[in-house]
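The residues making up each chain are set out below.
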Amino acid sequence: MVSRVYVEKRAGFDVEAQALLKELREILGIAHLEKLRLVNRYDVEGIGSKLFEACVPTVFSEPQSDVTCRELAEPDATDRGEGNTGVDPIAKGARVFAVEALPGQFDQRAASASECIQLISCGERPEVRAAKVYVLEGDLTDEDVEIVKRYVINPVESREASLDAVDTLKMDYPEPDPVEVIGGFRTLDERGLASFIAERGLAMDEADIAFCQQY
């Protein structure tokens, strides 16, 4: 079973969200962006519901500065239900997307949460996956949203995450293709080295590849 919780800073503590809002308006020129919310999402697998609930105010959030909920898009803000302590519902028309670490990329936030849960339970270390949910409010175009995504998503280490609930955090990694074995590289002439660079789209010039060959 996968348990999920959303955590958002209270007004006055949302320094990160306010700083990013200013950057997007002033640096990227997205003038119609009226409000930006940042919500940390945690998915946990491998612990019971009782332990999970105990970890919400101790591991995943700080009650004095954070609010939490189990469902981000609540239909009625006055009826939050068990476990929901103040995260506002998403405004009508808001643009929402989430960002998570690439598979295999170390996620400090998720790793720290997993370690803390293990210390509390004195049991097995659970699987934890974290993502950051961006809620954009304002009269935004699809192009505006794409600009924001390109600004906040570093493709080297992160990707856009699904907003759907998951049944398991276990991931199937595809088998990598065999590494190419290159023969005759040391005997290539100047023209051959130039072709070698062009065929593989390498970010180097003839002097660079010649240095590698000589080495």
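Residues numbered from 1 in each chain as written. Predicted model: local features only at pLDDT ≥ 70, side-chain atom pairs only at ≥ 80, totals over all residues. Heavy atoms only, no water.

Quick look at the pairing of strand β3 (residues 66-69)
The test is simple: Buried residues are those whose accessible area, probed at 1.4 Å on protein chains only, stays under 20% of the maximum for their type, while exposed residues exceed 50% and partly exposed ones sit between those limits. Helix and strand definitions follow DSSP, with helices as H or I runs of at least four residues and strands as E runs of at least two, each counted in order from the N terminus. For two strands to be treated as a pair, DSSP must find at least two bridges joining them.
Here β3 shows a buried face lined by D66 and T68 and a second buried face lined by V67 and C69. Two strands pair when backbone bridges link them, and strand β1 (residues 2-9) and β3 are joined in this way by 4 bridges, in the antiparallel orientation. Counterpart to E8 in the pairing with β3 is V67.

Regarding the nonpolar core
The test is simple: Among buried residues, the Ala, Val, Leu, Ile, Met, Phe, Trp, Tyr and Cys ones that are joined through side-chain atoms within 4.5 Å form a nonpolar core. The contact definition used throughout considers only heavy atoms, calling two residues in contact when any of these lie within 4.5 Å.
Ranked by size, the top nonpolar core spans 17 residues in total, and within it L36 and Y134 carry the most contacts. The greatest single-element share of this core, amounting to 4 residues, is contributed by helix α1 (residues 15-26). Sequence-distant contacts of Y134, that is, excluding residues within four places in its chain, are made with L20, L36, R37, L38, R95, V96, F97, V99 and V152. Ranked by size, the runner-up nonpolar core spans 14 residues in total, among them V44, F60, I117 and A130.

Some thoughts on the layout of surface pockets
So the rule is basically this: Think of a 1 Å grid over the protein atoms and nothing else: a 1.4 Å probe that fits but is trapped marks a cavity, an open set flanked by protein within 12 Å on at least five of seven lines marks a pocket, and residues with an atom within 4 Å of a point count as lining. Grid points are joined across faces, edges and corners, and a volume is the space filled by probe spheres set on the points.
Taken as a whole, the largest pocket spans an internal volume of roughly 520 Å³. Listing elements by their share of the lining of the largest pocket, those giving two or more residues are β1, α1, β2 (33-45), α2 (49-60), β3 and α3 (108-121). In terms of residues, the lining of the largest pocket owes the most to one element, β2, which gives 7 residues. The space that makes up the second largest pocket amounts to roughly 380 Å³. In terms of lining, the second largest pocket is formed by 21 residues, of which the most central are Q105, D107, E127, V128 and R129. Going through the elements one at a time, β4 (95-101), α3 and β5 (127-138) are the ones with two or more residues in the lining of the second largest pocket.

Quick word on the state of the cysteines
Put simply, the test is: In this description, a disulfide is simply a cysteine sulfur pair whose atoms lie within 2.5 Å.
Within the structure shown, the criterion is met by 0 disulfides. In this structure C69 is a free cysteine whose sulfur lies 18 Å from that of C55, the closest cysteine sulfur available. Cysteine C116 remains unbridged, with the sulfur of C55 as its closest cysteine sulfur at 8.7 Å. A relative accessible area of 35% means that C116 is categorised as partly exposed.

Some points on the side chain of D66
Our working definition: Whenever a nitrogen or oxygen atom comes within 3.5 Å of another N or O atom, the pair is scored as a polar contact, on the condition that within protein one atom can donate a hydrogen and the other can accept it, and that pairs from neighbouring residues in sequence are kept only if both atoms are in side chains.
Examined against the element boundaries, D66 turns out to sit in strand β3. In this structure the side chain of D66 is engaged in a polar contact, spanning 3.1 Å, whose partner is the side chain of K9. Setting aside anything within four residues of it in sequence, one finds D66 in contact with V7, E8, K9, R10 and S61.

A word on the pattern of salt bridges
Note the cut-off: A pair is scored as a salt bridge if a Lys or Arg side-chain nitrogen falls within 4 Å of a carboxyl oxygen belonging to Asp or Glu.
According to the stated counting rule, one finds 13 salt bridges in the structure shown. D43 serves as the salt-bridge partner of R4, at 2.6 Å between the closest nitrogen and oxygen. Of this pair, R4 sits in strand β1 while D43 sits in strand β2, placing them 39 residues apart in sequence. For the pair formed by R4 and D43, the shared burial category is buried. Salt bridges sharing common partners tie together R4, R41 and D43.

Comments concerning the environment of S49
Topologically, S49 is positioned in helix α2. As for S49 and S3, which are separated by 46 residues in sequence, their C-alpha atoms are 7.5 Å apart.

Some points on unusual backbone geometry
Here C122, not a glycine, exhibits a phi torsion of approximately 55°, which is positive. By relative accessible area, C122 is classed as exposed at 70%.

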